[in-house]
Amino acid sequence: MSSQPHTVLPWVVRRTRLPLLSLRCVDCRSESATTGEGRFRVNANGKLLDVWLLVRCVSCDRTSKLTVHERAPVRSFDPTELDGYHANDPEVVAATLLDPLLAQRNRFTLDWNGAWRLKTPPTRPDQAWPLHVEVVFTDPVPVRPERLIAQGLGLSRNEVLRRVTCDIPLRRPTNTGFTFTMTAGDQPSASQRSAPMR
Ligand SMILES: [Zn+2]
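Residues numbered from 1 in each chain as written. Predicted model: local features only at pLDDT ≥ 70, side-chain atom pairs only at ≥ 80, totals over all residues.

Participant: Run through the pairing of strand β4 (residues 48-57), naming residues and quoting values.
Facilitator: In β4, alternate side chains face the same way, and those of Leu49, Val51, Leu53, Val55 and Cys57 are buried while those of Leu48, Asp50, Trp52, Leu54 and Arg56 on the opposite face are not. Where strand β3 (residues 33-45) lies against β4, nine bridges are found, and the strand directions are antiparallel. Bridging across to β4, threonine 34 finds its partner in arginine 56. Here β3 hands over to β4 after two residues, with glycine 46 in that stretch at a positive phi of 65°. Pairing analysis gives eight bridges linking β4 to strand β5 (residues 63-73), with the strands arranged antiparallel. Bridged to leucine 53 within β5 is leucine 66. A loop of five residues connects β4 with β5, the two strands running antiparallel in sequence, and aspartate 61 in this loop sits at a positive phi of about 70°. (Buried ≥ 20, exposed ≤ 12 C-beta atoms within 10 Å, placed from the backbone. Helix = DSSP H or I, 4+ residues; strand = E, 2+ residues; numbered from the N terminus. Pairing = 2+ DSSP bridges.)

Participant: Hey, could you go over helix α4 (residues 145-153) for me, with residue numbers and the actual values?
Facilitator: All of the buried residues in α4 are Pro145, Glu146, Leu148 and Ile149. An end-on view of α4 places all buried positions within 165° of arc, on one side of the element. Just past α4, the residue glycine 154 takes up positive phi, approximately 65°. (Arc of directions from axis to C-beta.)

Participant: Requested: an account of the nonpolar core, with residues and values cited.
Facilitator: Grouped together as the largest cluster of nonpolar side chains are 19 residues, with contacts concentrated most on Leu21, Leu23, Ala33, Val51, Leu53 and Val55. When residues of this core are traced back to their parent elements, those giving at least two are β2 (20-22), β3, β4, β5 and α2 (90-98). Ranked by the residues each element gives to this core, the list is headed by β4, at five residues. When sequence neighbours within four positions are dropped, the list of residues in contact with leucine 23 reads Glu31, Ala33, Val55 and Phe108. The next biggest cluster of nonpolar side chains, apart from the first, holds 16 residues, and it includes Val133, Val141, Leu148 and Leu161. (Core = buried A, V, L, I, M, F, W, Y, C linked by C-beta atoms within 7 Å. Contact = placed C-beta atoms within 7 Å.)

Participant: Can you explain unusual backbone geometry? Please cite residues and give values.
Facilitator: Phi is mostly negative for residues that are not glycine, and the peptide bonds are mostly trans. The phi dihedral of aspartate 61 falls on the positive side, at around 70°, and the residue is not glycine. Mapped onto the elements, aspartate 61 comes out in the loop between β4 and β5. Unlike most non-glycine residues, arginine 71 shows phi in positive territory, near 45°. Following the sequence through the fold, arginine 71 ends up in strand β5.

Participant: Can you break down the sheet that holds strand β1 (residues 8-15) residue by residue, with the values?
Facilitator: Across the sheet, five strands lie side by side as β7-β1-β8-β10-β9; this open sheet has mixed pairing. In this open sheet, the two strands that pair with only one neighbour each are β7 (116-119) and β9 (164-166). Geometrically, the sheet is characterised by an average inter-axis angle of 20° between neighbouring strands, direction not taken into account. In the sheet, strand β8 (residues 131-137) pairs with strand β10 (residues 178-182) via five bridges, with the strands oriented antiparallel. Its bridge partner being in β10, leucine 131 is matched across the sheet by methionine 182. (Axes fitted to C-alpha atoms, helices over the stretch in contact; angles between N-to-C directions.)

Take a look at the structure:
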C-alpha cells in the first residue's frame, strides 16, 4: 500500500450475535423469533431427507420449523454438511440462517437491531485530508452507507452527504463492502464538484 498517498483506514461491520427473525407467531401474533442456541431437526424417509432449523417465538416460546431441505436425496448431501446438521454446529446454524434463500423460502426477514457493531480504528495515524476509508463486512448486515458513516465519524447525515464521496449510492442499503473519501470541512467536497448526490 506504499503507493497510496494516504492511509486507507479499515472499518469493519460484524455481527455480535445472530439476528432475530421477523416472523409472525401463529399462536400469540408476536412478530419476533429466535434461533436461540441453534437446533436442526433431520428426518429420514427412505433415501430422502428433510432438514429444518428450529426457531422459537420470543414471547410465548412456541417452536416452529423452517424448511432448510425438503425431501432431498441423501446422496445429494455433503457428509460434512450433514454432520453439521446433526451436531447443531453453530457455524452451520449461522450460515443457514443468514442464507437469503432460507428467508425467501420461509417468508421472514432478519432483524439486525442491536445484533451488530461497527469497529473503527481508535485513532487516525495520518491526519491529512481527505480521509480514505474501506468498509469491510464480515457478516451481511444491511446498512445505509450515509448512516454508517455518520455513526462512525460522529457527524450529521447532512454533513456526510456534503463531504463524502462513496463508490456506491450513499442512501441505498448495502451488505457488502464499499469505500469512501471524506474531504475536510471547509473545502468543497468532491461530490459537489462532480456528481451531485440526491
Ligand atoms: Zn408466540
